[in-house]
Structure formats: structure tokens, C-alpha cells
Amino acid sequence: MNMLVSLFAFIFVVSLVVLVHEFGHFLAARKAGVPVYEFSIGFPFSPRIATFCRHKETAFTLRLLPLGGFVSFSADGDEDACKLLGTSRLSRASIMAGGPLFNVVFAFLVFIPAFMVKDGVSLLQAAQSSANALFMVVSGTLSMLGHLFAGQGSAESLSGPLGIAMMAGQAANGGVADLLFFTGVLSISLGIMNLVPFPGLDGGQLMMVLIEAVRNRPLSAKAYQVINVAGIILIFGLSIVITWHDIVKIAS
């Protein structure tokens, strides 16, 4: 039963947090006039099993593995997302930053009912506590990343899917408030981690926009494609390593 609770809590929380992230990209792209061809619930490389509806050029879809989600700026046969790359640097930066920003705002909103349920305080008091919690989690996450990049921490302190699933299960067993707190913390972590200037992440995309601004000329679509694919491969490899550490910690 505990395993089932962990599994369902993991799928629900991670999918919700990722969808909030992608919705931030989606709204920022719509505001910038950049077409989004697909908004999907599910893992990007899994097969599409349903299309809920279409609005303008966007197909809202469900993928076979209902974990997370993504938005696609590429139409069929347009692997280089030409319309995204053709827009202004400021617009592209706002689109890339939209996902992390929504994660932080979502965490603030999620913390409010958590404090109201747990502490029985008013809406205003809960909002103040939520702001304080948001500041503490953001500063703590930035501090952890700073120590990690300075060589003063260890990648073993990070959690992969198994570790997150265990924590989600514990939070679900702890009640609604604990699950809300966990959801908020995970949302902040996802937002900040995506701002790390690493290929394949939003921070990597922002770094490429900065490089273009310094060079005063755009990178080629091929360069974007190669950098992003390399980043995805590296992230996948890192996920395997972290998951292995999760297995070792659980077994011990």
C-alpha cells in the first residue's frame, strides 16, 4: 500500500509541477507571438495516445508515460523551431524564464493553504508565512547549488525519481499540508535547477541568448540542435547516476 501511495503521489506531484512549468513557457510564448504546436501531458519521447483539443495552432495531447509534460515549438518537419529562434532575444529570454517564474509563483500559492491547514491562521498570516518559506527554500537551494559547484558538496545529496517518489509517499502519508509543502518545495527546486546554465535546460537557453547578444549575431539552428541534444544526453546520464545512488540509499 505504501508503495502505491508513493507511486501515485510521485506521479501526481511531479506531473503537476512540470505542467505548471510548461504552462509558464506556453503563456510567455503566446504573449511573444511565438506559436506552440503541442502542449502535452506526458514524457516527450513516449508515443502520443490522445489529443484532447486544439486551440489555434496548439494541440493539447496525452502521451503514453503520464509523467511531466512539455511544450513543442516545432511543427511537423520543422525540427529547428525556426519561429522561436527568429524572434527577438528579449522575447526568447522571457519564454525561457517563464517556466521557472511560474514554478516560484505556484510554490507561493501552494504554501498558503498549507499554512492555513497546518497552523489554522488567517489568509494574510498564511501569505506572510508563505513568503518567508519561499525565501528560505530559494536561498537554501541556491546555497546547496553554490556548494555543489564549488566542490564543497556531493551529487549524492541530490535525489532522483526514486528518492522523490519516497519523499512524495511520506508527504502524502503525512496529510494534505505535508503534501502541499512538498509540492511547493519541489516546484521551487525544479524552477531553480532549470535556471542552471547547462545545455538542455532553460538556463542553457538563456546562456545561448546571452552569447548571441555578446557576439551580436545569432547562433545557427544546427548549433542549437547539437547543444540541446548533448545536454539531454548528459542530463539523462546524470539521472541514471543519481537514481543508482537512490537505490543504494534505499537498500541500506
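The structure we're discussing is the one just above.
A quick note: this is a predicted structure, and the numbers were derived from the prediction, not measured.

Rules used throughout
Residues numbered from 1 in each chain as written. Predicted model: local features only at pLDDT ≥ 70, side-chain atom pairs only at ≥ 80, totals over all residues. Heavy atoms only, no water. Phe/Tyr/Trp six-rings, centres within 6.5 Å; stacked < 30°, edge-to-face > 60°. Helix = DSSP H or I, 4+ residues; strand = E, 2+ residues; numbered from the N terminus. Buried < 20%, exposed > 50% of the residue type's maximum accessible area, 1.4 Å probe, protein only. Axes fitted to C-alpha atoms, helices over the stretch in contact; angles between N-to-C directions. Parallel < 35°, antiparallel > 145°, perpendicular 65-115°, else oblique. Left-handed = near helix turned anticlockwise from the far one by under 90°. Contact = heavy atoms within 4.5 Å.

**Focus on the packing of aromatic side chains**
Okay, step 1: Taken as a whole, this structure holds eight aromatic pairs when the rule is applied.
Okay, step 2: For the pair F23 and F102, a centre-to-centre distance of 6.0 Å together with 70° between the ring planes defines the contact as edge-to-face. Of this pair, F23 sits in helix α1 (residues 2–32) while F102 is found in helix α3 (residues 89–119), placing the two residues 79 residues apart along the sequence.
Okay, step 3: When its relative accessible area of 29% is taken as the criterion, F102 is described as partly exposed.
Okay, step 4: The structure contains a cluster of three or more aromatic residues connected by ring pairs, namely F23, F26, F39, F60 and F102.

**Some points on the packing of α3 against helix α6 (residues 176–193)**
Okay, step 1: At their nearest, the axes of α3 and α6 sit 8 Å apart, and the two run at 165° to each other. Taken together, the axes of α3 and α6 are roughly antiparallel relative to one another. Note that α3 runs across α6; the crossing there is left-handed. For the pair α3 and α6, the contacting residues are P100, N103, F106, A107, V110, F111, P113, A114, F115, V117 and K118 in the first and A177, L180, F181, T183, G184, V185, S187, I188, L190 and G191 in the second.

**With respect to the packing of α3 against helix α7 (residues 202–215)**
Okay, step 1: For the pair α3 and α7, interaxial distance at closest approach is 9 Å and the crossing angle is 165°. For the element pair α3 / α7, the angle class is roughly antiparallel. With respect to the hand of their crossing, α3 and α7 are arranged in left-handed fashion. In this structure, α3 contributes R89, R92, A93, M96 and P100 to the contact, and α7 contributes D202, Q205, L206, V209, E212 and A213.

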